[in-house]
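Chain by chain, the residues:
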Amino acid sequence: MTLSSVLDVSPPPPAAGSGIVAHGLARSFGPVHAVRDVSLTAPAGTVTALVGPNGSGKTTLMLLLATLLRPDAGSVAVAGVDATADPQEARRHLGWMPDTLGVWESLTCHDILTSLGRLYGMGRVAAAARADEQLEWVELTEFARRPARVLSRGQQQRLSLARATVHRPAVLLLDEPANGLDPTSRIRLRDDLRAMAAAGTAVLVSSHVLAELEEMSDRAVFVREGATVSTQDFAAAGAQTRPYRIAGPDPARRDELVHALAAHGLLPGADAGNRRDGVVVQVRGEQAAAELLADLVRDGVPVSHFAPEGSRLENAYLDLDLDHRRHTEGERP
Ligand SMILES: Nc1ncnc2c1ncn2[C@@H]1O[C@H](COP(=O)(O)OP(=O)(O)OP(=O)(O)O)[C@@H](O)[C@H]1O
Ligand SMILES: [Mg+2]
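In this text, all values refer to a predicted model and were calculated from it rather than measured experimentally.

Criteria and thresholds
Residues numbered from 1 in each chain as written. Chains lettered and ligands numbered in written order. Predicted model: local features only at pLDDT ≥ 70, side-chain atom pairs only at ≥ 80, totals over all residues. Heavy atoms only, no water. Helix = DSSP H or I, 4+ residues; strand = E, 2+ residues; numbered from the N terminus. Contact = heavy atoms within 4.5 Å. Areas by Shrake-Rupley, 256 points an atom, 1.4 Å probe, with all protein chains shown as cover. Near = heavy atom within 4 Å. Polar contact = N/O pair within 3.5 Å; in protein donor to acceptor, adjacent residues only side chain to side chain. Nonpolar A, V, L, I, M, F, W, Y, C, P; charged D, E, K, R; others polar. Buried < 20%, exposed > 50% of the residue type's maximum accessible area, 1.4 Å probe, protein only. Pairing = 2+ DSSP bridges. Axes fitted to C-alpha atoms, helices over the stretch in contact; angles between N-to-C directions. Expected span 1.5 Å × (residues − 1). Core = buried A, V, L, I, M, F, W, Y, C linked by side-chain atoms within 4.5 Å. Salt bridge = Lys/Arg side-chain N within 4 Å of Asp/Glu carboxyl O. Parallel < 35°, antiparallel > 145°, perpendicular 65-115°, else oblique. Left-handed = near helix turned anticlockwise from the far one by under 90°.

Undergrad: Help me get a handle on the overall build of the protein, residues and values and all.
TA: Scanning the protein from N- to C-terminus turns up 13 helices and 13 strands. Restricting to contacts in the protein with at least 6 residues of sequence separation, those with at least 24 account for 71%. Summing over all exposed atoms, the protein offers an accessible surface of approximately 15,800 Å²; the carbon and sulfur share of this is 52%.

Undergrad: Can you explain the site of ligand 1? Please cite residues and give values.
TA: Around ligand 1 sit F29, V32, A34, P53, N54, G55, S56, G57, K58, T59, T60 and H208, and those are all the residues in its vicinity. Between ligand 1 and G57, the relevant distance is 3.0 Å, taken from an oxygen atom to a main-chain nitrogen or oxygen of the residue. Here T60 contributes a side-chain N or O atom positioned 2.6 Å from an oxygen atom of ligand 1. In the complex, 59% of the free accessible area of ligand 1, which totals 630 Å², lies under the protein chains. Elements that contribute at least two residues to the shell around ligand 1 include exactly β2 (32–42) and α2 (58–65). The leading source of residues in the shell around ligand 1 is α2, at three residues. Looking at the shell around ligand 1 residue by residue, the classes come out as four nonpolar, seven polar and one charged.

Undergrad: Report on unusual backbone geometry, specifying residues and quantitative values.
TA: A positive phi angle, near 65°, is found at T67, a position not held by glycine. Looking at the element boundaries, T67 is found in the loop between α2 and β4 (73–78). We note that A79 has phi near 50°; this positive angle belongs to a residue other than glycine. Inspection of the secondary structure assignment puts A79 in the loop between β4 and β5 (81–82). Under the relative-accessibility criterion, A79 is labelled partly exposed at 22%.

Undergrad: Tell me about the sheet that holds strand β11 (residues 241–247), residues and numbers included.
TA: Backbone hydrogen bonds are what pair the strands of a sheet, in a parallel or an antiparallel way. Spatial ordering of the open sheet is given by β12-β11-β13, a layout of three strands whose pairing is antiparallel. Each end of this open sheet is capped by a strand with a single partner; those strands are β12 (279–284) and β13 (305–308). Each strand of the sheet is rotated relative to its neighbour by a mean of 30°, with strand direction disregarded. Here helix α10 (residues 254–262) sits on the sheet in contact with β11 and β12, set at roughly 20° to β12.

Undergrad: I'd like a rundown of helix α5 (residues 124–137), residues and numbers included.
TA: Between the first and last C-alpha of α5 there are 20 Å, a value that for 14 residues agrees with the 20 Å anticipated at 1.5 Å per step. Within α5, burial applies to A127, R130, A131, E133, Q134, L135 and W137. Of the residues trailing α5, E139 is marked for its positive phi of about 55°.

Undergrad: If you had to explain the environment of A198 to someone new, which residues and values would you point to?
TA: Along the chain, the position of A198 falls in helix α7 (residues 183–198). Residues A198 and T46, 152 residues apart in the sequence, show an inter-C-alpha distance of 7.4 Å.

Undergrad: So what's going on with the environment of R130? Which residues, and what values?
TA: By secondary structure assignment, the location of R130 is in helix α5. Taking the C-alpha atoms as reference points, R130 and H110, 20 residues apart in sequence, are found 9.6 Å from one another. Here the side chain of R130 touches E133 through a polar contact of 2.9 Å, side chain to side chain.

Undergrad: Which residues make up the nonpolar core, and what values do they have?
TA: Of all hydrophobic cores here, the largest spans 41 residues; its most connected members are V51, L159, L161, L174, L193 and L313. One finds L50, L69, A90 and V171 within the second-largest nonpolar core, a separate group that totals 27 residues.

Undergrad: Run through the pairing of β11, naming residues and quoting values.
TA: Most of β11 is tucked away: six of the seven residues are buried. Judged from the six bridges that link them, β11 and β12 form a sheet pairing that is antiparallel. Within β12, the position partnered with T241 by the bridge is R284.

Undergrad: Quick one: what's the story with the pattern of salt bridges, residue by residue and with numbers?
TA: Within the structure shown, the criterion is met by twelve salt bridges. Among the ionic pairs, R188 bridges to E139, the shortest N-O distance being 2.8 Å. Of this pair, R188 sits in helix α7 while E139 sits in the loop between α5 and α6 (153–164), and the two are 49 residues apart along the sequence. For R188, a relative accessible area of 25% gives the class partly exposed. For R190, the salt bridge is made with E215, and the minimal N-O distance between the two is 2.4 Å.

Undergrad: Give me helix α4 (residues 109–119): which residues, what numbers.
TA: Listed as buried for α4 are C109, H110, I112, L113, T114, L116 and G117. Looking at the buried positions of α4, the neighbouring elements they touch are α5 and α6. In the stretch just after α4, G121 is the one whose phi turns positive, near 95°.

Undergrad: With reference to specific residues and values, describe the packing of α4 against α5.
TA: Two elements in contact, α4 and α5, have axes whose closest approach is 8 Å; the angle formed by their N-to-C orientations is 130°. The angle between α4 and α5 falls in the class oblique. You can see that α4 and α5 cross each other, and the crossing is right-handed. The residues of α5 that touch α4, namely those facing C109, H110, L113, T114, G117 and R118, are R124, A127, A128, A131, D132, Q134 and L135. Considered class by class, the residues forming the contact of α4 with α5 number six nonpolar, four polar and three charged.

Below you can see the structure in the form of structure tokens.
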């Protein structure tokens with residue numbers, strides 16, 4: 001069964017402009033200011049990436065958004081519902097996939113999903129049918145009657161996704177969902193999250209694998225030391241200058257490539273790597289990249305590799321210098 005067939009029977013997608021809107025969130029644990037000042041939106045119909053170094057407050061923030069922690073300050077609206085004033089109502093619209101499954105391990109996979117469905121107000125028969133549907137979707141049908149503790153890490157992650165979406169939430173929060181997934185499962189997760197966004201769901205996802213996060217996201221929110229520092233919209237980022245690595249099949253003809261690029265006013269960076277790796281040049285946006293590639297091909301310069309170097313998220317992450325520890329470590333006596 002495809003996800004779209006599951007979503008076909010879902011309620012109408014949430015109205016545009018819903019999703020998550022958070023303002024000035026703060027939450028401390030004793031002296032630790034885990035979240036100091038976070039404002040963000042995760043609009044319906046998009047996948048928003050939550051990016052930040054270890055300990056920057058991502059999980060705490062997600063728990064605040066999921067109404068599982070109360071903020072010391074600030075507000076959260078979930079699908080238009082004030083989550084601080086009415087967490088019960090907000091939870092009906094929320095799906096939450098934590099970074100560890102934490103299931104009732106002695107229950108079977110089917111019982112876990114059925115119990116969840118019942119908690120969300122489904123009748124017994126409807127909840128059982130929904131559990132079957134979800135298990136089929138995440139390809140765990142063969143484990144339906146087995147206790148969740150027998151699942152591998154990747155299978156637990158998939159059960160966790162099935163659990164988070166049992167009630168077809170308008171807002172889906174996922175904390176490191178790709179952890180423990182093999183490459184095929186990661187691609188599936190990406191496709192599933194894209195499909196949910198296409199159906200109108202607001203998806204907020206954290207991960208440390210930035211290249212992968214970029215593939216599945218429309219935009220990114222960066223956090224550092226408990227505060228939002230930047231938001232990037234990938235649709236608009238196509239016009240930005242970024243490094244491209246260009247290489248031909250024959251390293252001996254690298255000079256030819258360099259000359260052709262020089263004719264376009266492009267000079268390779270100093271750290272272009274060895275000859276086999278080709279050259280790295282700064283290209284002003286995707287349109288300029290397309291024109292450059294067309295020119296190289298027209299001029300008979302053989303090109304076997306032509307791609308942005310690193311992911312946008314990785315570049316933005318490094319540019320923002322999110323990881324404060326890198327500065328402070330050298331300052332220790
Ligand atoms: N329940 C808690 N009690 C005390 N301190 C906590 C608690 N939860 C989180 N913290 C602290 O708050 C800070 C932010 O933690 P959080 O787990 O939100 O970070 P994170 O960005 O999710 O990190 P990671 O990338 O490692 O998952 C850390 O310094 C952490 O030690
Ligand atoms: Mg975390």
